[in-house]
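Summary of the model geometry
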Amino acid sequence: MIHAIRVIGQATVLGFAEMGRVYTWRTWTFGWLLRLLCQVSFYALLGSYLGDPGLTRFVLVGNIVVLACMESTIVVISLAGERAQGTLPLLAVAPAGHLPVYLGRGVQWMTTGLVSSMVAWAVLPPLLGVPLPWPRAAYAIPVIVLVLVSSYGYGCALAGVALRTRGVEWLVLNFAYGIIMAFGGTNVPLSVWPAPLRAVVEYLPLVHGLQAVRGILDGAPAGHVLAQVGAEALVGAGWYLVAWLSMERLVSVGRRTGTLDHAG
Amino acid sequence: MTSSNERRPLAARRVPLARRASVMWRVSLVWRVSLVWRAFRLQTVLSRRSPSHALILLVAPMQTTSLLALTLHAHRPDAVASAVIAPGLIGLWVSSLDYAGRVVPEDQWAGRFTPMVAAPVPLALVVVGRVAAVVLVGVLAFAESWLVAALGFGRVLTVRSPGVFVLAIAATCLASVGTAMLLAGVISLSRARDVLQNSLSYPFYMLGGVVFPLTVLPSWVRPLSHLVFLSWSARLLRDAVHGTAHGGPLALALAAILALGAAALAGGMWLTRRLVDAARRDGTVGYA
Amino acid sequence: MEAAVAASALRRTYERRRKDTVVALDDLTLTIDRNEIHGLLGPNGAGKTTLVKILSTVLLPTSGTARVLGHDVVAETGAVRSLVGLVLGGDRGLYDRLTARRNLLFWGALYKLDARTVRLRADALLERVGLADRADDPVERFSRGMRQRLHLARGLLHEPRVLFLDEPTSGLDPVAATAFRRLVLDLRDEGRTFLLATHDMDEATALCDRVSLIDRGRLLLTDDTANMGRILGDRECVDFTHDDTAPEPTARAGSLAEALALLPEVTDVERLGDRWRVHTTDRAGSRRVLAWLIERDVLTARHARPTLEEVYLRTVGDRGLRV
């Protein structure tokens, strides 16, 4: 256990070091963060053009929470890098096992996801003329953190797919959060979609967390909010399980077929 | 000392000066076009083999779904055209940014940049050809978006002025190639390449008013919008769909798109030349 | 005492598309003693890397068994993994954006070393492989030789008793390769065992106690490096070189070769690149041939034994660029 935690710690350091080679705090703030804020505003402004402030706020809240999900899912790219860098076979034969590595490898994205969604949560609603009801809006923050964590599991599970076929990590990533943005209740309520589609969407991260966030803002009964929070946690746990099985299988199949170190 | 006459090859001496210049110019033009065309073909082959170049074709349908669902949910059938056109414009922009930005850096990274610089052809022409190929993939996003609206939402978008629409798409593609050249140059020269590539998307969709009219934006932003070809294209395409694009405004919009594209192209060519010069001067030819 | 490595009837096949099967290792049996540097020689695609991968638990054998220090590589992977170090050649396998030291700290955690131990060992190893003053530079700025040395340091972090090196000096300049080899010899003196897959004959001659030649997945032969010449029948030879610009044609090498072939103690004369080789009947014959050559003003003449390279070329066959 202690070793697993140390591995996660080292993998986290590795993730931050990789990010540090791409971003400085200044380029992150004026490049990436600004882009994310524009992304949220883009949809929110469309909402304001199409409808009333109620719609604007609905779209705005949905797209802010999506930031948390989107950034966590970027772990797909970090994990796919293990194959491109040729480190996967070395990880697979390390005595501490390869699984804890994945848990730390994308922590930097969870961190920036938290920062960017929090900045958006605080800054954008007043700027776009649809202020959130504080202090109630603060109660939603732990739920956003939960969305970050459950989406990370989802990202790890999809990395299992991205590691199997070379050069598809960006497709997998964009598809992963694309379907959540399109169908997960971000811009329009889930009730818009036909029942079979809704049934599938239930198993995506963010979906229940976002409903909990909306419930908190609208003053919904605690029971409803807690049920949605519980569902989000369950969905997240399920994705971690899928990730674990998928990675274990990737390595065991790779050892059998000799495909562990194919260049990415 | 030898006279200049002696140094000139025999054949050249017989051709009058003016005619020789014109022949050389024509030969070099044909040669340049064929170089661009070969670079275009090369990129087509490369892109076919690299799944990530299909990214925009994956993203566009999901984007159409998001935008169209929101539009219909808000009971605004008048805005359906915007929701269908926007993913196409975004597709063109993404392919300019994403792929075009990668053409030169990928060559640098893979060690192909050094032989390219050593080759007796201007790098800019090779880049133009390759960029054109990737940008045109973005055009398919328009078709995808239309199909999603028709098949997924039962909204068959009819174009009232098809001629204007085709003209607008053609002008937009040309402007995209020019802009992609500029972006390729900026991104290749930048030290924060990944940051730029990740960041130059949504700010421009907003500035370009790809899905809502510019009046939604604060008034101080609007002059900036006019410098982004997307804003002219978005409006012209919407007007073509509604059949409201005529006369002066139509000509102005087309001219603006082409002029902005040409300016970007010139800037991009200049930057690419600077890139090569800088690489030779600073010895950075070999690595990214 | 258990052998360091004992492979028995190892077979490994790969399924390719359309159901054809490629045999990478075919019934290979090999024993490596403790504290030995064992060379694994063979052309590209001979099965060297496959063997290294199976022994380091990256790959499962299709059939057969292999034990490292008495532990089965399939059933006891945990025990094997902490005993062996794997050093793959080439540019990959490191985190390019991390510093050399950070890479080692990361892998230290994966080998269940506590933080203090990793730090101390990382410093010591960086010093040892000559990267101490570049320890805090990102690996992406490293030359190939520096990467190889960092690979070795990574493989040594958990103080493995058996090391598998897969072409560790490919692409190194001669100075770097020599330094690398000296390091390997030092490590052997500490009691470690090495399996060195290479196609560099000089490297194998300089480093290995014993070598195995493999080709198309089969073990062709295993013997002491020093004895390799015997494989070719322990023949006696004399090598000579000659200045071929001599004015009188009778003194030219071709004429000398013809004259040599007529001597009773000479069985054969052949040209090997820029030198000539005279095969003789016995040692006394060699002495007489040497004397004969020196009288005729050759540039160099020496008593020779077939080198490892010749053994390799004659056993594996000269296939040119085909693999």
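Here the residue index of a chain counts from 1 through its sequence in written order. Working convention: letters from A go to chains and numbers from 1 go to ligands, in the order in which they are written. Local features are withheld for residues below a pLDDT of 70 in this predicted model, meaning they are given only at 70 or higher, and side-chain atom pairs are given and counted only at 80 or more; totals for whole chains, interfaces and linings count all residues. As a rule here, side-chain values come from all non-hydrogen atoms in the structure, and water together with hydrogens is ignored.

So the rule is basically this: UniProt positions are given in the numbering used here, feature names are shortened, and annotations may be inferred rather than shown by experiment.
An unreviewed UniProt entry lists chain C under the name ABC transporter ATP-binding protein, with Actinomadura logoneensis given as the organism. Turning to chain C, the UniProt record has this under Subcellular location (unreviewed entry): "Cell membrane". Checking UniProt for chain C, the heading Sequence similarities (unreviewed entry) contains the comment "Belongs to the ABC transporter superfamily."

Per an unreviewed UniProt entry, chain A is named ABC transporter permease, and its organism is Actinomadura logoneensis. Check the Subcellular location (unreviewed entry) section of the UniProt entry for chain A; it says "Membrane".

1. Some words on the sheet that holds strand 3 (residues 37-41) of chain C
Residue and element names in this part refer to chain C. We apply this condition: The pairing criterion is simple: DSSP has to find at least two bridges between the two strands. Here a helix means four or more residues in a row that DSSP labels H or I, a strand means two or more in a row labelled E, and each is numbered from the N terminus. Orientation is described by axes fitted as lines to C-alpha atoms, over the contacting stretch for helices, and by angles from 0 to 180 degrees between their N-to-C directions. Here, residues are in contact when the closest pair of their heavy atoms is within 4.5 Å.
Strand order in this open sheet of six strands is 6-7-8-3-9-10, and the pairing throughout is mixed. Since the sheet does not close on itself, it has two edges, and those belong to strand 6 (84-88) and strand 10 (218-224), each with one partner. Shown here is a sheet whose adjacent strand axes are inclined to one another by a mean of 15°, direction ignored. Inspection of the sheet shows strand 7 (residues 162-166) paired to strand 8 (residues 193-198) by five bridges, in the parallel sense. Bridge pairing links Asp 166 to Ala 197 in strand 8. Those strands touched by helix 1 (residues 48-55) are strand 3, strand 6, strand 7, strand 8 and strand 9 (210-215), and its axis lies near 150° from that of strand 8.

2. A closer look at the environment of B:Tyr205
On the secondary structure map, B:Tyr205 appears in helix 10 (residues 202-207). For the pair formed by B:Tyr205 and B:Phe229, sequence separation is 24 residues and the distance between their alpha carbons is 11 Å.

3. Here's the deal with the pattern of salt bridges
Residues and elements named next belong to chain C. Heads up, the condition is: Salt bridges are counted wherever a side-chain nitrogen of Lys or Arg sits within 4 Å of a carboxyl oxygen of Asp or Glu. For every residue, the accessible area (1.4 Å probe, protein chains only) is compared with the maximum for its type, and the residue is labelled buried under 20%, exposed over 50%, or partly exposed between those bounds.
The full count for this structure, using the stated rule, is 24 salt bridges over all chains. Between Asp 26 and Arg 218 there is a salt bridge, with the nearest N and O atoms lying 3.0 Å from each other. Of this pair, Asp 26 sits in strand 2 (residues 21-32) while Arg 218 is found in strand 10, placing the two residues 192 residues apart along the sequence. Note on Asp 26: relative accessible area 16%, which makes it buried. Residue Arg 218 is classed as partly exposed on the basis of its relative accessible area, which comes to 47%. As a salt-bridge pair, Arg 101 and Asp 123 come within 2.4 Å of each other at their nearest N and O atoms.

4. Here's the deal with the side chain of A:Thr12
Residue and element names in this part refer to chain A. Just so we agree on the cut-off: Distance and chemistry together define a polar contact, namely a pair of N or O atoms within 3.5 Å, with one atom able to donate a hydrogen and the other to accept it when in protein, and with adjacent residues in sequence counting only for side-chain atoms on both sides.
Among the structural elements, Thr 12 can be located in helix 1 (residues 2-22). Within the structure, Thr 12 has its side chain in polar contact with the backbone oxygen of Ile 8 (distance 2.6 Å). Residues contacting Thr 12, with those up to four places away along its chain left out, are Gly 104 and Val 107.

5. As for the side chain of A:Asn174
Here A:Asn174 lies in helix 9 (residues 169-183). Take A:Asn174: its relative accessible area is 12%, and that puts it in the buried class. Beyond its immediate sequence surroundings of up to four residues, A:Asn174 is in contact with B:Leu55, B:Val59 and B:Met62.

6. Some details on the interface of chain A and chain C
Accessible area lost upon the coming together of the parts is a frequently used measure of interface size. To be explicit about the condition: Summed over both partners, the accessible area (1.4 Å probe) lost when two parts come together is defined as the buried area. Each residue gets one of three labels, nonpolar for Ala, Val, Leu, Ile, Met, Phe, Trp, Tyr, Cys and Pro, charged for Asp, Glu, Lys and Arg, and polar for the others, Gly among them.
At the junction of the two partners, chain A supplies 38 residues and chain C supplies 37 residues. Of the roughly 3200 Å² buried between chain A and chain C, counting both surfaces, carbon and sulfur atoms make up 60%. At the surface where chain A touches chain C, the tally comes to zero salt bridges. At the boundary of chain A and chain C, one finds nine residue pairs in polar contact (both at pLDDT 80 or more). Looking at the side of chain A that touches chain C, the elements that each hand over two or more residues are helix 1, helix 4 (75-84), helix 5 (88-92), helix 6 (99-105) and helix 12 (222-257) of chain A. Top element by residues in the side of chain A that touches chain C is helix 1 of chain A. It accounts for eleven residues. Looking at the side of chain A that touches chain C residue by residue, the classes come out as 18 nonpolar, eleven polar and nine charged.

7. Re the packing of helix 1 of chain A against helix 3 (residues 100-110) of chain C
The test is simple: Oblique is the label for every angle not falling under 35 degrees (roughly parallel), over 145 degrees (roughly antiparallel), or within 65 to 115 degrees (roughly perpendicular). Left-handed describes a crossing whose near helix is turned anticlockwise from the far helix through less than a right angle; right-handed describes the clockwise counterpart.
The geometry of helix 1 of chain A relative to helix 3 of chain C is characterised by a closest axis approach of 8 Å and an angle of 155° between their N-to-C directions. Taken together, helix 1 of chain A and helix 3 of chain C sit at an angle that is classed as roughly antiparallel. For the pair helix 1 of chain A and helix 3 of chain C, the sense of crossing is left-handed. Every residue of helix 3 of chain C that contacts helix 1 of chain A at A:Arg6, A:Val7, A:Gln10, A:Ala11, A:Val13 and A:Leu14 is listed here: C:Arg102, C:Leu105, C:Phe106, C:Ala109 and C:Leu110. When the residues that make up the contact of helix 1 of chain A with helix 3 of chain C are grouped by side-chain class, the tally is eight nonpolar, one polar and two charged.

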